[in-house]
Amino acid sequence: MTIPTSAELALLRSSPHETNLWLSIYKPPSALACQVNNASAANGDRVIIYDNVTAGSYGLVESGMTMYIGSTLGARDIGRIRVRSADATTITVAENSDVPWADDLYLTIVRFWEIDAVYPRIIQNTGTFETIWYKDYDIEYTDQNDNLGSLICMGSHYAGFLDGDSCNVFYSATGTHNLKEEELTYDWFFQGATVTGSSALTPGSIAYDTAGHYTTRLKVTGGDSGVVDTSYRHISIYDRPENGVNHPVLGWTFISMDGSREQGGYITRVKVRDNISDIVDGALVVIFADDWYGGTKQSIGGNALGRSTIVYVGYILDGSITYNYSTSSIEFELGSPTEIMKLAEGFAVAVNSSTDPSGQAISDDNIPSGWVLVLNMDCERAMYHYLRWHSTVLYTTDFQFLGTDQNIEYFDADRESLYSAIDKLMRGTLQGNLVSDRQGKLWAEISVAATNGASGSFPSSLEIQKQDWMGVPTIDEALVNELSYLELGGIAFDFSAGSTAYLSGAPGTAPAYRGRVERLQGHALTNQAQLNTLCGNLFAYRNAKYPSVMINLVGNYRNLDIAPQELVSLSIESTENPRGIIWNGKPFHITEIRWVYDAREGFMHPSIILHEVTQGSAGTTIAIPALPPSSGEDGGGFDIPPLYIPEFPTISIPSLGGVDIYHNGDFVATVTGINFIDDVCE
Amino acid sequence: MTYKINGTELVIQPTKGRWVDRQSVDIDGWGHPIYPPYREFELSWQLGTMEQAEQLRTYFSAVGSTGTVVVDLPKYATNAYTFFAYTGCVLQEPSYGAFFAEHQADMLLLVTRIKT
């Protein structure tokens, strides 16, 4: 939805562009406030006995909520933990060892779902060599990797104003994808709205008439498997500053908002002058806008349907809050969900593809659990498995895969961050990456570089004309190759036929005469021809003549984002530049965006950095030598020569000649065989 | 036709008032200047009473950090000298010159974020 309509394009090219930005910090309401009721509570407890309920009830608690642990009512000074479940007397939380549980600590469960790792657990079956595998401490394998679920898209977190006593929030689950292409049913719950639920794919505009902080839940169920996936979005509704008392943060300053595909998302810096107790590490922040284009009040852009007013969704990054006592202000950094994923480190995970995970787990002695097998695995299924069972990411944000996926036989994630695990899979197998857009949606995309015929494969979001940019565009022209030779290798995996390895090189058999040699292995492929095409295209992209063009746009072009990848075209006449470059609708794609906002002038505009879209010639096949025989008449193989261990040499230790005895300084005699049994003194 | 803030007439009307020239942000690819959407209006008093100085300070204190005001100003770009109530304006902190004969000299109030 970042491609403007003709009407939107006309607005983009009208003037002036006016923007008012607003800052919302989600203040999660309590679902249950109580105290620990266990005199022997200690580190490592998972089931917390409670009493003294001061707010809410256990019936309001849902899996995945955040619980603050404090020494006073509502405090979080002791720690925080993810809640699994609650009943009338106990709260079950995620596996932990760092919370110093103690009697009478204050517990506050809030309606806030955060991004965290979820730990697996492997224990040895008593008296045997068997291991028992669990996810999230105690979830046994039944059929989770046979019956795969859905990657939910339900829009961004939201903040907005009551206008005329109502705030309409648009909801749609468009983009939700079931991994087995099952028909889906939708179950929406709109907390705080005038309509409480819907079963539609696109419920459309839902009205809120009271200021407050709410949560919307969407459950998506696979028609055949019955697998239910759930996701949550937080909704903050405010009175306008001239009305009511529930206002967003008013005394604040936008410092910067920089997005980069290479970094995987946006970092935003903000300064707040109000004394806000809600500014804590991990808090959810939404920046939203009132926009006018040439006097017409309208917002343009944003990938979430009907959420154009949402400029940015991020979280306060841990440790980024600084207090300036001289100016009485607080400054902090906000990060896209990908930045939070970088802070959360998961356990190593390894899964294999299987045509029958449950069956193979029983029949194959080498398979300890169905948890290590994924049905007919491709990259999207591997990512779903990791994010669904090893993180809470899918609770909190949209996730969408774009591009042509490939089968993979193995997926191994190291002990690394959640972001690194997914991004490395995308980069290593598909030449893609994981990027968060401004509104916090995660896009796992195959890069423009790795897409054959990219100029015709990606949508074109804008033809940048002279009235769209200001100042002087900066064009980097690479006159020397970065790469002289690129070798790519990988595996084409067929679920029944198995794996075939391929190698390819570009530009051909002979390398170019400038640049370095690079070898990349481990790609997931279709066949040799696809690898040759990929190799040639990557070689061309890495050696692009125009790897960076920086342009300052003249206004609020929020239709542009770093994800999903879309093309912009540029036209330049030879008389307009000293190099005589002629571009006539030349396609580029956005690699970075830096937003500038001047509140006094109401003016917001981006600088964008573009990379040329290239198309290479197919690389050449490199024949993979057959494995050398290890035995038989054809030779090969080798015998391990007998190891010769040299004789250990005899070491002779010379004996002591004796001890010279002196008395009052006069030598008496040399004696041997003396044992000293007490201190020796004069 | 008087200067007002939030509907209240100023104790003493300013000696001078002027629309501040907008500075262009930059020029576009065709060479046209790009202007921000808002204008600014400057009210100045050569000499004012302490009561008037206090009135300006009060307006700013009330809305200086977060709120907006409605300001009655000479309408921008019309063929007649008429006043118009501009809403959603922001006041910068008033500036004051030296005291003179128990009066406040050289007072200046800048109204920003005026949408014309």
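Here, every reference points to the structure presented above.
Residues numbered from 1 in each chain as written. Chains lettered and ligands numbered in written order. Predicted model: local features only at pLDDT ≥ 70, side-chain atom pairs only at ≥ 80, totals over all residues. Heavy atoms only, no water.

K.L.:
Would you take a moment to explain the overall build of chain B for this structure?
P.N.:
Regarding its fold elements, chain B presents one helix and 10 strands. For chain B, the spread of C-alpha atoms along the three principal axes comes to 55 × 30 × 25 Å. Taken over 116 residues, chain B has a buried fraction of 39%. Residue pairs in contact within chain B that sit at least 24 positions apart in sequence constitute 59% of those at least 6 positions apart. For chain B, the exposed area adds up to about 6,300 Å²; of that, 52% sits on carbon and sulfur atoms. Each charge class in chain B can be summarised by its mean position, and for the 9 positive and 12 negative side chains these summaries are 8 Å apart. (Helix = DSSP H or I, 4+ residues; strand = E, 2+ residues; numbered from the N terminus. Buried < 20%, exposed > 50% of the residue type's maximum accessible area, 1.4 Å probe, protein only. Contact = heavy atoms within 4.5 Å. Areas by Shrake-Rupley, 256 points an atom, 1.4 Å probe, with all protein chains shown as cover. Lys, Arg positive; Asp, Glu negative; His and termini not counted. Charge placed at Lys NZ, Arg CZ, Asp CG, Glu CD.)

K.L.:
Help me out: how do you make sense of the sheet that holds strand 31 (residues 432–436) of chain A in this one?
P.N.:
Through backbone hydrogen bonds, the strands of a sheet pair up, either in parallel or in antiparallel fashion. Residue and element names in this part refer to chain A. Spatial ordering of the open sheet is given by 29-32-31, a layout of three strands whose pairing is mixed. This sheet does not close on itself; its edge strands, each paired only once, are strand 29 (399–402) and strand 31. Ignoring strand direction, the axes of neighbouring strands in this sheet form an average angle of 15°. Of the pairings in the sheet, the one linking strand 31 to strand 32 (residues 442–446) comprises five bridges and is antiparallel in character. Note that in strand 32 the partner of Asn-433 across the bridge is Glu-445. Relative to strand 31, helix 6 (residues 418–430) is tilted by about 145°, and along the sheet it contacts strand 29, strand 31 and strand 32. (Pairing = 2+ DSSP bridges. Axes fitted to C-alpha atoms, helices over the stretch in contact; angles between N-to-C directions.)

K.L.:
When you look at the interface of chain B and chain A in this model, what are you seeing that I'm missing?
P.N.:
Where the parts come together, the accessible area they lose is often given as the size of the interface. Every contact between the two is made by 19 residues of chain B and, on the other side, 20 residues of chain A. Interface area lost by chain B to chain A is led by Trp30(B), Pro37(B) and Arg113(B), which between them contribute 27%. Counting across the chain B and chain A interface gives two salt bridges. A salt bridge links Glu40(B) to Arg600(A); its shortest N-O distance comes to 2.9 Å. At the junction of chain B with chain A, the criterion picks out 10 residue pairs in polar contact (both at pLDDT 80 or more). Listing elements by their share of the side of chain B that touches chain A, those giving two or more residues are strand 4 (26–27) and strand 10 (103–114) of chain B. (Buried area = accessible area lost by both parts, 1.4 Å probe. Salt bridge = Lys/Arg side-chain N within 4 Å of Asp/Glu carboxyl O. Polar contact = N/O pair within 3.5 Å; in protein donor to acceptor, adjacent residues only side chain to side chain.)

K.L.:
Mind showing me how you'd approach the environment of Trp133(A) here?
P.N.:
Residue and element names in this part refer to chain A. By the element assignment, Trp-133 lies in strand 9 (residues 131–135). By relative accessible area, which is 23% here, Trp-133 ends up partly exposed. Taking C-alpha positions, Trp-133 is 7.2 Å from Trp-371, a pair spaced 238 residues apart along the chain. Those residues in contact with Trp-133 that sit more than four places away from it in its chain are Arg-121, Ile-122, Ile-139, Glu-140, Tyr-141, Pro-368, Ser-369, Trp-371 and Val-372. Polar side-chain contacts of Trp-133 include one of 2.9 Å to the side chain of Thr-131.

K.L.:
Help me understand helix 4 (residues 379–390) of chain A in this model?
P.N.:
Side chains that are three or four residues apart share a direction in an α-helix, a result of its 3.6 residues per turn. Residues and elements named next belong to chain A. For helix 4, built from 12 residues, the straight-helix expectation of 16 Å at 1.5 Å per residue is met to within 8% by its first-to-last C-alpha distance of 16 Å. With respect to burial, helix 4 is a largely interior element, 11 of its 12 residues being buried. Among all positions in helix 4, only Cys-379, Glu-380, Arg-381, Ala-382, Met-383, Tyr-384, His-385, Tyr-386, Leu-387, Trp-389 and His-390 are buried. (Expected span 1.5 Å × (residues − 1).)

K.L.:
Would you take a moment to explain the pattern of salt bridges for this structure?
P.N.:
Close approach of charged atoms lets side chains of opposite charge pair. Residues and elements named next belong to chain A. A complete count under the given rule lists 35 salt bridges over all chains for this structure. Here Glu-339 ties to Lys-342 by a salt bridge, and the two come within 2.9 Å at their closest N and O atoms. Within this pair, Glu-339 and its partner Lys-342 are both found in helix 2 (residues 337–343), separated by three residues, close to a single helical turn. Lys-342 gets classed as partly exposed once you look at its relative accessible area, which sits at 28%.

K.L.:
Got a minute to help me understand helix 6 of chain A in this structure?
P.N.:
Residues and elements named next belong to chain A. Across its 13 residues, helix 6 extends 18 Å between first and last C-alpha, which sits within 8% of the 18 Å expected from 1.5 Å per residue. Counting buried positions along helix 6 yields 10 of 13 residues, so the element is predominantly enclosed. Of all the positions in helix 6, only Leu-418, Tyr-419, Ser-420, Ala-421, Ile-422, Asp-423, Leu-425, Met-426, Thr-429 and Leu-430 are classed as buried. Once helix 6 finishes, Gln-431 follows within two positions and takes phi at roughly 55°, a positive value.

Limitation: the analysis is restricted to geometry and does not speak to function.
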